[in-house]
Amino acid sequence: MKFNTKVIHSGIKPDEATGAVITPIYQTSTYVQAAPGDHKGFAYARTHNLTRKTLEDSIATLENGFDAVSFSSGLAAMDAVLKLLKSGDEVLSTNDIYGGSYRLMTKIYNKFDIKTTFVDMQNPANIEKYITKKTKLIWIETPTNPMLNIIDIKAVCAIAKKHGILTCVDNTFASPYLQVPIDLGADLVLHSATKYLGGHSDVVHGCVVARTEALTKDLRFIQNAAGAIPGPQDCFLVLRGMKTLHLRVERACENAKRIAKMLKRHPKVKNVYYPGFKDHKNHKIAKEQMRHFGAMVSFDLEDDTFEAASKVLSKTRFFILAESLGGVESLIGHPATMTHASIPRKERLKVGLTDSLIRLSVGIEDAEDLMEDLEKALLEL
Ligand SMILES: *Cc1c(COP(=O)(O)O)cnc(C)c1O
């Protein structure tokens, strides 16, 4: 089955009780038993829910995994992955990652003696010197957030495998339409389904796809034991959103390409970060491991101040000033004060996350309107 057909059909069957073509929202906390322990495989809704299971089956096939395990948010999903570890274990992570992921690793898991070292993975050979006997997980985010660097998933996973280390790829920015990390050697794939999978900015949800049955079993145990499950209504919304994933991402990527080119020519703009440019430092690997170059574009300003960025950010009309990404509507954000405010300024500047850096999540509107919107806002400078 090819990708677009999988999106619509894979893992999704008409409801057995009624024939409903669309998966119902099984809004129930419990299930009847004919005699103690005699039930239809459904006992309590933290453990079993058919709306959730259908969603998990569907995501698992898109990511070519054994199964998917879903959670109430992307960070709850990441929390479950980190719970696979024990005190004394170490994590190696991409240095330029989602602020909430950084916060979870440093502020919560440090307390339990699970230490994360953040390293630049753009040159995969660079990570080898950080691997110790205690390293048990390599956390890869690519494209990175918000600098849009690309990490060679295949190369990093090969190094991890050599040392017997698990790999998890946060595939939120790319979505399975653009990149399938398990095919490149990853053990686990994380999604904040709040973003492209859901795609309509109306739900918070997360999931982890596992390559093997054994990893699925461990995650399934954590899902039930710790209990950060998504509600059935939220699973329904993600299922519904996912059916147009290919169309939305295709269009958003086209729009992003045109917008990135426009920004690159603009005299008020200093740097444009977009892996689709031939002169982007990781362009070659982006081309190899991704179908298109994504719909996220970051740029900073010649006047590299928070004040200048603020002028642009408050003047756009179609680009809505808000956290998040991956919805049908275009969003504009300021990582230094919004998504990445929990990362110290010194750390931010090290990776190029300047005070004027602006991040765009390009939606599926008409590119002409979006470009005009940005050009008008840049006139404020
Ligand atoms: C949003 C996001 C997360 C966290 O997901 P939530 O659903 O907000 O908990 C993790 N990683 C990336 C790359 C994200 O963009």
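Residues numbered from 1 in each chain as written. Predicted model: local features only at pLDDT ≥ 70, side-chain atom pairs only at ≥ 80, totals over all residues. Heavy atoms only, no water.

**Section: the overall build of the chain**
Consideration 1: Looking only at helices and strands, one finds 13 helices and 12 strands in the chain.
Consideration 2: Taking 381 residues into account, the globule formula puts the C-alpha radius of gyration at 21 Å, and the chain, at 21 Å, falls close to it.
Consideration 3: Along the longest, intermediate and shortest principal axes, the C-alpha atoms of the chain span 75 × 50 × 35 Å.
Consideration 4: Counting only residues that meet the buried cut, the chain has 55% of its 381 residues in that class.
Consideration 5: Considering the chain, the positive charge centre built from 49 side chains and the negative charge centre built from 44 side chains are found 3 Å apart. (Helix = DSSP H or I, 4+ residues; strand = E, 2+ residues; numbered from the N terminus. Rg over C-alpha atoms; globule rule 2.2 N^0.38 Å. Buried < 20%, exposed > 50% of the residue type's maximum accessible area, 1.4 Å probe, protein only. Lys, Arg positive; Asp, Glu negative; His and termini not counted. Charge placed at Lys NZ, Arg CZ, Asp CG, Glu CD.)

**Topic: the state of the cysteines**
Consideration 1: Overall, the coordinates contain 0 disulfides when judged by the stated rule.
Consideration 2: Cys168 supplies the cysteine sulfur nearest to Cys157, a cysteine that is in no disulfide, at a spacing of 9.7 Å.
Consideration 3: Among the residues examined, Cys157 registers a relative accessible area of 2% and is labelled buried.
Consideration 4: Free of any disulfide, Cys253 has its nearest neighbouring cysteine sulfur in Cys207, separated by 19 Å.
Consideration 5: Judged by relative accessible area, which is 5%, Cys253 ranks as buried. (Disulfide = S-S within 2.5 Å.)

**Section: the domain arrangement of the chain**
Consideration 1: Here the chain is partitioned into domain 1 (3-242) and domain 2 (245-378).
Consideration 2: In this structure, domain 1 and domain 2 have C-alpha centres spaced 26 Å apart.
Consideration 3: With 43 residues of domain 1 at the interface, the matching set in domain 2 holds 40 residues.
Consideration 4: For the domain 1 face of the interface with domain 2, the top three residues by lost area are Met147, Tyr177 and Tyr196, together amounting to 23%.
Consideration 5: Put simply, domain 1 and domain 2 have 0 salt bridges between them.
Consideration 6: On the surface where domain 1 and domain 2 come into contact, there are 19 residue pairs in polar contact (both at pLDDT 80 or more).
Consideration 7: Of all the secondary-structure elements, those providing two or more residues to the side of domain 1 that touches domain 2 are α1 (3-9), α4 (99-108), α5 (153-162), α6 (175-178) and α8 (232-242).
Consideration 8: Taken together, the residues of the side of domain 1 that touches domain 2 sort by class into 23 nonpolar, 15 polar and 5 charged. (Domains from an automatic or database assignment. Contact = heavy atoms within 4.5 Å. Buried area = accessible area lost by both parts, 1.4 Å probe. Salt bridge = Lys/Arg side-chain N within 4 Å of Asp/Glu carboxyl O. Polar contact = N/O pair within 3.5 Å; in protein donor to acceptor, adjacent residues only side chain to side chain. Nonpolar A, V, L, I, M, F, W, Y, C, P; charged D, E, K, R; others polar.)

**As for the sheet that holds strand β8 (residues 269-273)**
Consideration 1: One open sheet holds the 5 strands; their spatial order is β8-β9-β12-β11-β10, and the pairing between them is mixed. Of all strands in the sheet, those with a lone pairing partner are β8 and β10 (320-321), marking the two edges.
Consideration 2: Relative to strand β12 (residues 358-361), strand β9 (residues 296-301) runs antiparallel, the two sharing 4 bridges. Residue pairing for β12: Ser298 is matched across the bridge by Arg359. (Pairing = 2+ DSSP bridges.)

**Overview of the side chain of His283**
Consideration 1: By the element assignment, His283 lies in helix α10 (residues 283-289).
Consideration 2: Take His283: its relative accessible area is 11%, and that puts it in the buried class.
Consideration 3: Reaching out from His283, the side chain makes a polar contact with the backbone oxygen of Phe277 at a distance of 3.2 Å.

**Section: a positive patch on the surface**
Consideration 1: On the surface, a cluster of positive charge is made up of Lys257, Lys261, Arg265, Lys278 and Lys287.
Consideration 2: Within the fold, Lys278 resides in the loop between β8 and α10. (Patch = residues over 30% accessible without salt bridge, like charges linked within 9 Å, V, L, I, M, F, W, Y side chains within 5 Å. Areas by Shrake-Rupley, 256 points an atom, 1.4 Å probe, with all protein chains shown as cover.)

**A word on the packing of helix α3 (residues 74-82) against α4**
Consideration 1: Axis separation between α3 and α4 bottoms out at 11 Å; the angle between their running directions is 35°. Here the hand of the crossing between α3 and α4 comes out right-handed. Mapping the contact onto sequence places Leu75, Met78, Asp79 and Leu82 in α3 and Gly100, Ser101, Arg103, Leu104 and Met105 in α4.
Consideration 2: Classifying every residue of the contact of α3 with α4 by side-chain character gives 5 nonpolar, 2 polar and 2 charged. (Axes fitted to C-alpha atoms, helices over the stretch in contact; angles between N-to-C directions. Left-handed = near helix turned anticlockwise from the far one by under 90°.)

**Here we look at helix α13 (residues 367-378)**
Consideration 1: With 12 residues, α13 extends 17 Å from end C-alpha to end C-alpha; this agrees with the ideal 16 Å at 1.5 Å per step.
Consideration 2: Along α13, the residues classified as buried are Ala367, Leu370, Met371, Asp373, Leu374, Ala377 and Leu378. Buried residues of α13, seen end-on, are gathered within an arc of 155° and therefore sit on one face of the element.
Consideration 3: On its buried face, α13 is in contact with α9 (245-265), β8, β9, α11 (306-313), β11 (331-333) and β12. (Expected span 1.5 Å × (residues − 1). Arc of directions from axis to C-beta.)

**A look at the site of the ligand**
Consideration 1: In the vicinity of the ligand, 13 residues are found, and the nearest of them are Gly74, Asp170, Ser192, Thr194 and Lys195.
Consideration 2: With respect to the ligand, the side chain of Thr194 contributes an N or O atom lying 2.7 Å from an oxygen atom.
Consideration 3: Between an oxygen atom of the ligand and a side-chain N or O atom of Lys195, the distance comes to 2.8 Å.
Consideration 4: When the free accessible area of the ligand is taken as 380 Å², the share hidden by the protein chains comes to 92%. (Near = heavy atom within 4 Å.)

**What about the pattern of salt bridges?**
Consideration 1: Counted by the stated rule, this structure contains 16 salt bridges.
Consideration 2: Two residues, Glu56 and Arg52, come together in a salt bridge whose shortest N-O distance is 3.8 Å. Placement of both Glu56 and Arg52 in helix α2 (residues 50-62) is noted, with a separation of 4 residues, approximately one turn of the helix.
Consideration 3: The exposure class assigned to Arg52 is buried, which follows from its relative accessible area of 2%.
Consideration 4: In this structure, the salt-bridge partner of Lys83 is Asp79, at a minimum N-O distance of 2.5 Å.
Consideration 5: You can call Lys83 partly exposed: its relative accessible area is 37%.
Consideration 6: Looking at Asp79, the relative accessible area reads 19%, which means it is buried.
Consideration 7: One connected set of salt bridges, linked through shared partners, spans Arg52, Glu56, Asp67 and Arg220.

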